[in-house]
Amino acid sequence: MVLGGTSNTLIQSIKDHLHSCFKIKDLGSLKYFLGLEITRSNSGLMVTQRKYALDLLHDSNFLDAKPLASPTELNTHLSIQSGTLLPDVGLYRRLIGRLTYLTLTRPDVSYAVHHLSQFLHAPTDQHLNAAYRVLRYIKSCPGQGIFFPSTHSSALRAYCDTDWSSTIRAYCDSDWASCRDSRRSVTGFCIMLGDSLVSWKSKKQSTVSRSSAEAEYRAMANTCSELLWLSALLRDFNVVHSHPISLYCDSQAAVHIANNPVFHERTKHIEIDCHFVREKVQLGFLRLLHIASTDQPSDFLTKPIPVHQLHHLLRKLNVVDPHRSPCGGFYIILFFSFLVYQGLSCIALVVEEAEYTERVISVLE
């Protein structure tokens, strides 16, 4: 159980009340909770799952494996028919299940895990080898996680892209017709609260898009829905975002469609999404901006990308490994980011001490 608040006196009174009702043990400031390791300094919070990742590598006999610099291989396209069926599907399903929990603090493997989870019903040897590649990538940076700087900016930003896609800032992107089996596109988005990554997703779209602009626009609409939810959640924390949220997309066509008040015949089939996003723009909730594809942070959530570009985008999102140089839902993360922004203190009732090298301190300071 984790308690957070602006008043140590109030926190102590809650702990005393809980102790009067239950037998509890107070282990001090939050350091370890449900596999999440939290390191704090004057510059911010670092949230990782290093112990969980090392346990996963140990159980899979990959502690001595050769590390790789990226979780996916370029120009490799998996499908249901790839390879031969596995005799024991339980091995693959258990591995993907454990990798899914690791994505709580590892957006860098979100696309790979999402893609491999589509083959749970009939996994093959090629699917298993792709999952093993993710383990070899984790071997190169087991302590990689998200850094939440203790800045005082509460603006939301969003980035969207059809390959995936305040202050809130948002970035969205999409990869058009990338699924070899259904020809559906992949949406990826990530959302920043100040300089902290608080939400991201990689997901296949529910329908087939007839053009790349349509796929990008659907990614934009999905990101807008997430921003509405996050804005309502922040209002519950008494954080009101009065300025339009910047939503960055690397598709000029999608931006022009949203800003054009006239519907054309070629956009008729996506009219509902057009109305939804355009309404939020007209109400002052969103501000649509174009961003170059090379600087699109959500690009790695929609498809495999080169190693140097992956490392560049991860650094932009403050996804680092404090134990070494940077390699290359989720909403409890938003809670941690909010605590940093407000300067709150965290108290954990169940804590396990985590060992860190001196490089943790050097990165955080």
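Since we're looking at a predicted model, the values are computed, not measured.

### Overview of the packing of helix α3 (residues 89-102) against helix α5 (residues 125-140)
Part 1: Two numbers describe how α3 lies on α5: the axes approach to 11 Å, and their chain directions differ by 35 degrees. Classified by chirality, the crossing of α5 by α3 is left-handed. For the pair α3 and α5, the contacting residues are L91, Y92, L95, I96, L99 and L102 in the first and H127, L128, A131, Y132, V134, L135 and I138 in the second.
Part 2: Grouping the constituent residues of the contact of α3 with α5 by class yields twelve nonpolar, one polar and no charged.

### Side note on the packing of aromatic side chains
Where two aromatic rings form a pair, the distance of their centres and the angle of their planes describe that pair.
Part 1: A full pass over the atoms with the stated rule returns three aromatic pairs.
Part 2: Judged by centre distance (5.0 Å) and plane angle (40 degrees), the rings of F62 and Y132 are tilted. Remark: Y132 occurs in helix α5 and F62 occurs in the loop between α2 (50-59) and α3; sequence separation between them is 70 residues.
Part 3: Ring geometry for Y171 and Y248: centres 5.1 Å apart, planes at 15 degrees, overall stacked. Of this pair, Y171 sits in strand β7 (residues 168-175) while Y248 is found in strand β10 (residues 245-249), placing the two residues 77 residues apart along the sequence.

### Concerning unusual backbone geometry
Part 1: In this structure, N75 takes a positive phi of about 60 degrees despite not being glycine.
Part 2: Along the chain, the position of N75 falls in the loop between α2 and α3.
Part 3: Owing to a relative accessible area of 74%, N75 belongs among the exposed residues under this scheme.
Part 4: Unusually for a residue other than glycine, R183 sits at a positive phi of about 60 degrees.
Part 5: Inspection of the secondary structure assignment puts R183 in the loop between β7 and β8 (186-193).

### Looking at helix α1 (residues 8-21)
Part 1: Taking 1.5 Å per residue, 14 residues should reach 20 Å; α1 reaches 20 Å between its end C-alpha atoms and fits that length.
Part 2: Within the span of α1, buried status applies to I11, K15 and L18. Down the axis of α1, the buried set is contained in an arc of 65 degrees. They therefore lie on one face. Projecting away from the buried face of α1 at angles above 90 degrees are the exposed residues T9, L10 and S20.

### Some details on the nonpolar core
Part 1: With 48 residues, the main nonpolar core has Y92, L99, L197 and F300 as its most contacted residues.
Part 2: In terms of residues, this core owes the most to one element, α5, which gives six residues.

### Regarding helix α7 (residues 252-259)
Part 1: Looking at α7, one finds that the buried residues are A254, V255, I257 and A258. For α7, the buried positions fall inside an angular range of 160 degrees around the axis, keeping them on one side.

### Some details on the sheet that holds strand β12 (residues 319-320)
Part 1: Judged by pairing direction, the sheet is antiparallel, and its five strands sit side by side in the order β2-β3-β4-β5-β12 without closing on themselves. Looking at the sheet topology across the chains shown, the edges are occupied by β2 (32-33) and β12.

### So, the pattern of salt bridges
Part 1: Taken as a whole and judged by the stated rule, the model has seven salt bridges.
Part 2: Across the salt bridge formed by R106 and D108, the nearest N and O atoms sit 3.1 Å from each other. With respect to burial, R106 and D108 carry one shared label: buried.

Each value, and the rule that gives it
Residues numbered from 1 in each chain as written. Predicted model: local features only at pLDDT ≥ 70, side-chain atom pairs only at ≥ 80, totals over all residues. Heavy atoms only, no water. Axes fitted to C-alpha atoms, helices over the stretch in contact; angles between N-to-C directions. Helix = DSSP H or I, 4+ residues; strand = E, 2+ residues; numbered from the N terminus. Left-handed = near helix turned anticlockwise from the far one by under 90°. Contact = heavy atoms within 4.5 Å. Nonpolar A, V, L, I, M, F, W, Y, C, P; charged D, E, K, R; others polar. Phe/Tyr/Trp six-rings, centres within 6.5 Å; stacked < 30°, edge-to-face > 60°. Buried < 20%, exposed > 50% of the residue type's maximum accessible area, 1.4 Å probe, protein only. Expected span 1.5 Å × (residues − 1). Arc of directions from axis to C-beta. Core = buried A, V, L, I, M, F, W, Y, C linked by side-chain atoms within 4.5 Å. Pairing = 2+ DSSP bridges. Salt bridge = Lys/Arg side-chain N within 4 Å of Asp/Glu carboxyl O.

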